[in-house]
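Secondary and tertiary structure notes
In case you want the letters, here they are:
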Amino acid sequence: QVQVVESGGGLVQAGGSLRLSCAASGTISNIHNMAWYRQAPGKQRELVASITGGGVINYADSTQGRLTISRDNANNTVYLQMNSLKPEDTAVYYCYAEVTTRWGGRYAYWGQGTQVTVSS
């Protein structure tokens, strides 16, 4: 069993910052890609940023320069530092982890989501 749990969301004024954290735990042998997605009301879930186990990073064009993804492999944790937040960043942010479990097999896991609200 693998659990993925996000934290760090909240309400912030435009121009402010938030740091999201996501920790994976359970019967993990290795974590490959980790990523942050977001889903705004009435919109599809979209990729915000991803990072491979080797540290290769990809950002959505809309977040370039304002968001920074990082990971702590020793603690199976991924972070998303969000600066200069805009009202259009308001969404539920989901953590994604691609995991090889101790029993073999490679699976995708999602967290329950954390709300980020940016007021104008």
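About the criteria used
- Per-chain numbering applies: the sequence of each chain, read as written, is numbered from 1 onward.
- Given that the model is predicted, a residue must reach a pLDDT of at least 70 before its local features are reported, and side-chain atom pairs must reach 80 or more before they are shown or counted; all residues, however, enter totals for whole chains, interfaces and linings.
- To obtain the side-chain values, all non-hydrogen atoms of the structure were included, while hydrogens and water were left out.
- Labels follow the DSSP assignment, with helices taken as runs of H or I lasting at least four residues and strands as runs of E lasting at least two, numbered in each case from the N terminus.
- Only C-alpha atoms enter the radius of gyration, while the globule expectation follows 2.2 Å times N to the 0.38, with N the number of residues.
- Between buried and exposed lies partly exposed: a residue is buried under 20% and exposed over 50% of the maximum accessible area for its type, with that area taken using a 1.4 Å probe on protein chains only.
- We call two residues in contact whenever any of their non-hydrogen atoms come within 4.5 Å of each other.
- Values of accessible area rely on a 1.4 Å probe in the Shrake-Rupley scheme; residue burial ignores everything except the protein chains shown.
- Charged-residue counts in this description rest on Lys and Arg as positive and Asp and Glu as negative, His and the chain ends being excluded.
- Each charge is placed at NZ for Lys, CZ for Arg, CG for Asp and CD for Glu.
- By this definition, two strands are paired if DSSP reports at least two bridges between them.
- For helices, the fitted axis covers only the stretch in contact; all axes are lines through C-alpha atoms, and the angles between them, taken along N-to-C directions, range from 0 to 180 degrees.
- Throughout this description, the term nonpolar core refers to a set of buried Ala, Val, Leu, Ile, Met, Phe, Trp, Tyr and Cys residues connected via side-chain atoms within 4.5 Å.

1. Quick word on the overall build of the protein
- Along the protein, the regular secondary structure elements total 0 helices and 11 strands.
- Going from N to C terminus, the protein has its helices and strands arranged as β-β-β-β-β-β-β-β-β-β-β.
- For the protein, the C-alpha radius of gyration of 14 Å lies close to 14 Å, the compact-globule estimate for 120 residues.
- Judged by the C-alpha coordinates and their principal axes, the protein covers about 50 × 25 × 25 Å.
- For the protein, the proportion of its 120 residues judged to be buried stands at 43%.
- Taking the intrachain contacts of the protein between residues at least 6 apart in sequence as the baseline, contacts between residues at least 24 apart amount to 55%.
- Carbon and sulfur atoms provide 47% of the accessible area of the protein, an area that totals close to 6,200 Å².
- Across the protein, 9 positive and 7 negative side-chain charges occur, with their mean positions spaced 3 Å apart.

2. A closer look at the sheet that holds strand β8 (residues 77-82)
- Taken in spatial order, the 4 strands line up as β1-β3-β8-β7 in an open sheet, and their pairing is antiparallel. If you trace the sheet from one side to the other, it starts and ends with β1 (2-7) and β7 (67-72), each paired once. If you compare each strand with its neighbour and ignore which way they point, the axes differ by 15° on average.
- Note that β1 and strand β3 (residues 18-26) share 6 bridges and pair antiparallel. Paired with V4 across the two strands is A24, which belongs to β3.

3. A few points about the pairing of β3
- Looking at chain direction, β3 and β8 are connected through 6 bridges and run antiparallel. Note that in β8 the partner of C22 across the bridge is V78.

4. A word on the nonpolar core
- Counting residues in hydrophobic clusters, the biggest one holds 29 residues, and the most contacted among them are W36, I69, V78, L80, M82 and Y93.
- Listed by contribution, the elements that provide at least two residues to this core are β1, β3, β4 (28-39), β5 (46-51), β7, β8, β9 (91-101) and β11 (114-119).
- Per-element accounting of this core gives the leading share, 5 residues, to β9.
- Contacts of M82, omitting those with residues within four sequence positions, involve G16, S17, L18, L20, R66, L67, Y93 and V116.

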